[in-house]
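Coordinate inspection notes
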Amino acid sequence: MSEEWREVIGNILREARSLREQCLNRNDELFAPWHDKIRNAVIQYAPVKLPAFEEIRFASDYFLSKSAEEQDEINDRIALVSDLDAAVQLLKDILDALESKARRKPKVSPAELPPGTIAAQDIGPVSLARAREQAAALSLSRRDREELLGEIGRVERELSKPDPGWDAVKRTVKYLLDLDRELALDTIPAILSLFARKK
């Protein structure tokens, strides 16, 4: 993926600072173009976050209860600024995830890797420790996060055996596929690579 996201997200964050200072409410002419930009960035770089973004109303209940004519005159800055901050935090989380992903890219070309490791390394070095970091960043209940971390620990123990069982590994692969797309795409290749080395 091109790393144009740094510039795109940086521009959106800078514009958010200006909106915080200038906009009276979400009907301000500056708001709609900015909202379109941030929504498009979420769709392009982290579509899994779109439902969370769509929940941000950028307005108070009082503002939304009024007619379109009345809304134009309402000072709804407190709610708008609070919701802007929530959107900015969501965008910063996406930026952090993209930065982390960029740092994990392989430093060597596939031709330089030992035989048998190219497939796993081709998508970047991924460890199960990285899966734990990603688990901590997911929006999960405490119980679901503990279950996920337990599953990661269980498959690590299985893979540390001289002859790990395929059914035990397959269980974790299925669990990750059902839980979260990004976590599965990052973690399953590492699990399969570790399993293949034992065979």
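Provided above is the structure to which this section pertains.
Okay, so let's go over this structure. Every value quoted in this text rests on a predicted model; they were computed, and no experiment measured them.

Rules used in this analysis
Residues numbered from 1 in each chain as written. Predicted model: local features only at pLDDT ≥ 70, side-chain atom pairs only at ≥ 80, totals over all residues. Heavy atoms only, no water. Helix = DSSP H or I, 4+ residues; strand = E, 2+ residues; numbered from the N terminus. Buried < 20%, exposed > 50% of the residue type's maximum accessible area, 1.4 Å probe, protein only. Areas by Shrake-Rupley, 256 points an atom, 1.4 Å probe, with all protein chains shown as cover. Axes fitted to C-alpha atoms, helices over the stretch in contact; angles between N-to-C directions. Parallel < 35°, antiparallel > 145°, perpendicular 65-115°, else oblique. Contact = heavy atoms within 4.5 Å. Nonpolar A, V, L, I, M, F, W, Y, C, P; charged D, E, K, R; others polar. Polar contact = N/O pair within 3.5 Å; in protein donor to acceptor, adjacent residues only side chain to side chain. Left-handed = near helix turned anticlockwise from the far one by under 90°. Patch = residues over 30% accessible without salt bridge, like charges linked within 9 Å, V, L, I, M, F, W, Y side chains within 5 Å. Salt bridge = Lys/Arg side-chain N within 4 Å of Asp/Glu carboxyl O. Lys, Arg positive; Asp, Glu negative; His and termini not counted. Charge placed at Lys NZ, Arg CZ, Asp CG, Glu CD. Phe/Tyr/Trp six-rings, centres within 6.5 Å; stacked < 30°, edge-to-face > 60°. Core = buried A, V, L, I, M, F, W, Y, C linked by side-chain atoms within 4.5 Å.

1. Some words on the overall build of the protein chain
A tally of helices and strands in the protein chain yields 11 helices and 0 strands. The order of helices and strands in the protein chain, counted from the N terminus, is α-α-α-α-α-α-α-α-α-α-α. Residues counted as buried form 39% of the 199 residues belonging to the protein chain. Carbon and sulfur atoms form 53% of the exposed surface of the protein chain, whose accessible area is close to 11900 Å².

2. So, unusual backbone geometry
Even without being a glycine, F58 presents a positive backbone phi close to 55 degrees. The residue F58 is located in the loop between α3 (50-54) and α4 (61-65) in this model.

3. So, the packing of helix α8 (residues 128-137) against helix α9 (residues 142-159)
Packing of α8 against α9 brings their axes to within 10 Å, and their N-to-C directions diverge by 175 degrees. One way to sum up the angle between α8 and α9 is to call them roughly antiparallel. Only R145, L148, L149, I152, G153, V155, E156 and L159 of α9 make contact with α8, whose side of the interface consists of L128, A129, A131, R132, A135 and A136. For the contact of α8 with α9, a count of residues per class yields 10 nonpolar, 1 polar and 3 charged.

4. Focus on the environment of E54
By secondary structure assignment, the location of E54 is in helix α3. In sequence terms E54 and R39 are 15 residues apart; their C-alpha atoms lie 8.4 Å from each other. Of note is the side chain of E54, whose polar atom sits 2.6 Å from the side chain of R39.

5. Topic: the side chain of E158
Topologically, E158 is positioned in helix α9. Non-local contacts of E158, meaning those with residues more than four positions away in its chain, are made with P164, G165, A168 and V169.

6. What to know about the packing of helix α1 (residues 5-22) against helix α6 (residues 77-103)
As a packed pair, α1 and α6 sit with axes 10 Å apart at the nearest point and diverge in direction by 165 degrees. Between α1 and α6, the angle is such that the two are roughly antiparallel. Helix-helix and strand crossings are classified by hand; for α1 and α6 the assignment is left-handed. Contacts from W5, R6, I9, I12, L13, A16, L19, R20, E21 and Q22 in α1 reach R77, V81, L84, D85, V88, L91, K92, I94, L95, L98, E99 and A102 in α6. Partitioned by chemical class, the residues of the contact of α1 with α6 number 14 nonpolar, 1 polar and 7 charged.

7. Structural notes on a negative patch on the surface
A surface patch of like charges, here negative, comprises E69, E70, D72 and E73. Mapped onto the elements of the fold, D72 is located in the loop between α5 (68-71) and α6.

8. What about the packing of aromatic side chains?
Following the criterion strictly, the structure yields 4 aromatic pairs and no others. Ring pairing ties together the aromatic residues F31, W34, F53 and F58, which thus form one cluster.

9. Quick notes on the nonpolar core
Core analysis: the largest hydrophobic core is formed by 28 residues, its most contacted members being I9, W34, F53, F58 and I94. Elements represented by at least two residues in this core include exactly α1, α2 (31-45), α3 and α6. The leading source of residues in this core is α6, at 10 residues. Not counting residues within four places of it along the chain, the set of residues in contact with F58 comprises R26, F31, W34, H35, F53, D76, L80, D83, L84 and A87.

These figures capture arrangement, not role.
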